[in-house]
Each structure stands twice: as structure tokens, then as C-alpha cells.
Amino acid sequence: MDDSKEESLGESSKQNYNSTTENSFSKKTGSEPHRVDGFKPIVCERYHENQKQVEDDLKFLADTALSSGATDAKVVPTSIIVVDERARYKCMYPPCKWYGSSVICPPRLELTPEKTRQIVQKYKYAVLIKIEAPVNALAGDRWVELHVPFEWKVKEIVSKVMGAAFNIGYHLNLGFAAGECTPCLSKGLECQALNGQCRFPFMAIPAMEAAGIDVFSTVRNAGWEIYPIGASTRLCNIPCAALYGLVLVV
Ligand code: SF4
């Protein structure tokens, strides 16, 4: 068979298929195919391409964080986000208490610094969120127990901002929180997602540092103060303590 015949046969069988499906649909419904009587599609402007709308939306998301309990929240350009392999290595050497404890911690977390760097470059703006905590909730004898409500709060606020961003059209927003996977581990439950389904999928948000984001440099680039707090830090010398979240928006 020559090419022109093959092409014309292909066209005619396509037409036959289309006319057969259209005819049978029209006969069944008595209306045009793929139309529902009385249905008027809403045609939205691509508002992500409207800079003023994007600015308003970003402000709305920062306000969402504040009204959800954040101490502070600001819109930042993603150029201030520092990704550094060493941040993730700090989870591993010496191993953090929660190293390998869930799918959102290294080594299971698939967001390696290399991938995180590529992903961050796809966004122009993010919302950075601060939740202040008493210094002795993040260091001292009882920090393992006392830091939990603050870590929980970061995840809750980041989750709310992610949901709000999704609902106004930023479907590719991506959130980061702080610390281990609090919802299960703080209750002594093992991570169920290691072998099956996550118990709290909307709260299982990886920590920035687990994905290779240098939180100290990023927060300082945003104009906020941040201080390292360790086991032997003289707590009275630390002016403030906080946990941070981040949502990449657009
Ligand atoms: S919420 Fe629980 S099951 Fe889900 S990732 Fe975290 S630890 Fe695992």
C-alpha cells in the first residue's frame, strides 16, 4: 500500500470513529456531544501571570500564617534561600536522634540537596514563617518533651498556608517545616509510611534542613536574627529562640 492510501485510510477511519461516537451520543442524549444543558464554563484569567494579583496572593498567604499563630511571616524572593549539602549532612554526622525515623527524614527523604536546589529554582517567591519558642523549650534538660508543641505548630501553620495556596490556584506550592515527624514520633508511634500508608499525610512535612536548606543563612538573608542553641549553650545568653517554616509558592 502506498503512503497516500494509508494516509487517506487513516483519515477516513478517524472520521468514521468520530461520527459514530457523536451520532450515538446525540441519539442517547438528544443534545450536542460533551455539552451539558445549562452549563456555562467559568473562564478565569491566568492570574499567576498578573504581578499585582501575585503580590496580593502572597500577602494573603503571609497573613494566613500570622492569623494561624505565627509570630512573624514574610514574603521572600527564593534567591535568598540557601541550599547547602552540609545542612543535610548535619542530620547524619553525628546522626540525629531521629535519623531514619520516618519517610520525611534522611536518608529516606528523597529531597536531596541537589533536587531541592533544582526545585527552589522553579519558584520566584516563598513565604517564610517564624514561630518563637521559649529558649528552654529548644535546649536544656527537658527539650525533647518541651519542643514538641512548637514543632507541631510549625507543621500546622505550614500545612494551612499550603492548603490556602492550593485553594487560590498555586497548585505546585511546596512546604517545609522543622524537626522530625512530630505527629507519630512524639507519641511513640513508629512511622507507618515506611511500610505502608502515612497516618497524617497533611502534617508529614519535611524539615528544611533535611532537604538541604541552610536555615541559619536563609533566615539571616531574610533579615531575622537566629542563634544556634546546643546542649552546652548558656541559655541566658540567647536573646530569642524560634522555629521556621517555608512555603515555596510561585
Ligand atoms: S505522619 Fe507518621 S506515618 Fe506519616 S510520615 Fe510522619 S511518622 Fe510516618
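Scroll up to find the structure.
Chemist: Even after reading the chapter, I still don't get the overall build of the protein, so can you show me in this structure?
Modeler: Each helix and strand in the protein was counted, giving nine helices and four strands. Secondary structure elements in the protein, listed N-terminal to C-terminal, are α-α-β-α-α-β-α-α-α-β-α-α-β. Within the protein, the proportion of its 250 residues that are buried is 33%. Contacts spanning at least 24 positions in sequence make up 78% of the contacts within the protein whose residues lie at least 6 apart.

Chemist: Looking at this structure, I do not really get the site of the ligand. What am I missing?
Modeler: Around the ligand sit 15 residues, and of these C181, C184, C191, C198 and A204 come closest. Class assignment of the residues belonging to the shell around the ligand gives a composition of 12 nonpolar, two polar and one charged.

Chemist: Even after reading the chapter, I still don't get the pairing of strand β4 (residues 241-248), so can you show me in this structure?
Modeler: When you tally the buried positions in β4, you get eight out of eight residues, the bulk of the element. Burial of β4 is two-sided: the residues A241, L243, G245 and V247 facing one way and the residues A242, Y244, L246 and L248 facing the other way are all buried. When strand β2 (residues 125-133) meets β4, the two strands line up antiparallel, connected through eight bridges. Opposite I129, over in β4, you have G245 as the bridge partner. Bridging between strand β3 (residues 174-176) and β4 involves three bridges; their strand directions are antiparallel. Paired with L174 across the bridge in β4 is L248.

Chemist: Explanation requested: the sheet that holds β4 in the structure shown.
Modeler: By way of backbone hydrogen bonds, the strands of a sheet pair with one another, either parallel or antiparallel. Pairing is antiparallel across the open sheet formed by four strands, whose spatial order is β1-β2-β4-β3. The sheet is open, and its two edges are formed by β1 (72-77) and β3, each paired on a single side. Recorded for the sheet is a direction-independent mean angle of 20° between the axes of neighbouring strands. Each of β1, β2 and β4 is contacted by helix α2 (residues 51-67), which is oriented at about 150° to β1, the strand it contacts most. Running at roughly 20° to β4, helix α7 (residues 148-167) makes contact with β2, β3 and β4 of the sheet.

Chemist: Just checking my understanding: could you explain the packing of α2 against α7 for this structure?
Modeler: Axis angle and axis distance: for two packed helices, these are the angle between their axes and the distance between the axes, and together they describe the pair. Where α2 meets α7, the axes come as close as 9 Å, and the angle between the chain directions of the two elements is 150°. Two packed elements cross with a definite hand, and for α2 against α7 that hand is right-handed. Between α2, through L61, T64 and A65, and α7, the contact on the second element is made entirely by I157, K160, V161, A164 and A165. Of the residues contributing to the contact of α2 with α7, the split by class is six nonpolar, one polar and one charged.

Chemist: Please clarify how helix α3 (residues 85-92) should be interpreted in this entry.
Modeler: Counting along an α-helix, one turn takes 3.6 residues, and residues three or four places apart therefore face a common direction. Taken together, the buried positions of α3 are A87, R88 and C91. Taken down its axis, α3 places every buried residue within 90° of arc, on the same side. With respect to the buried face of α3, the exposed residues turned more than 90 degrees away are E85 and R86. On its buried face, α3 is in contact with α4 (113-120).

Chemist: Can you walk me through the environment of T116 in this structure?
Modeler: You can see T116 is positioned in helix α4. Residues T116 and G212, spaced 96 residues apart in sequence, show a C-alpha to C-alpha distance of 7.0 Å. Apart from residues lying up to four places away in sequence, T116 is in contact with V83, L111, A211, G212 and I213.

Quick notes on the rules
Residues numbered from 1 in each chain as written. Predicted model: local features only at pLDDT ≥ 70, side-chain atom pairs only at ≥ 80, totals over all residues. Helix = DSSP H or I, 4+ residues; strand = E, 2+ residues; numbered from the N terminus. Buried ≥ 20, exposed ≤ 12 C-beta atoms within 10 Å, placed from the backbone. Contact = placed C-beta atoms within 7 Å. Near = placed C-beta within 6 Å. Nonpolar A, V, L, I, M, F, W, Y, C, P; charged D, E, K, R; others polar. Pairing = 2+ DSSP bridges. Axes fitted to C-alpha atoms, helices over the stretch in contact; angles between N-to-C directions. Left-handed = near helix turned anticlockwise from the far one by under 90°. Arc of directions from axis to C-beta.

Distances and angles like these do not, on their own, reveal function.
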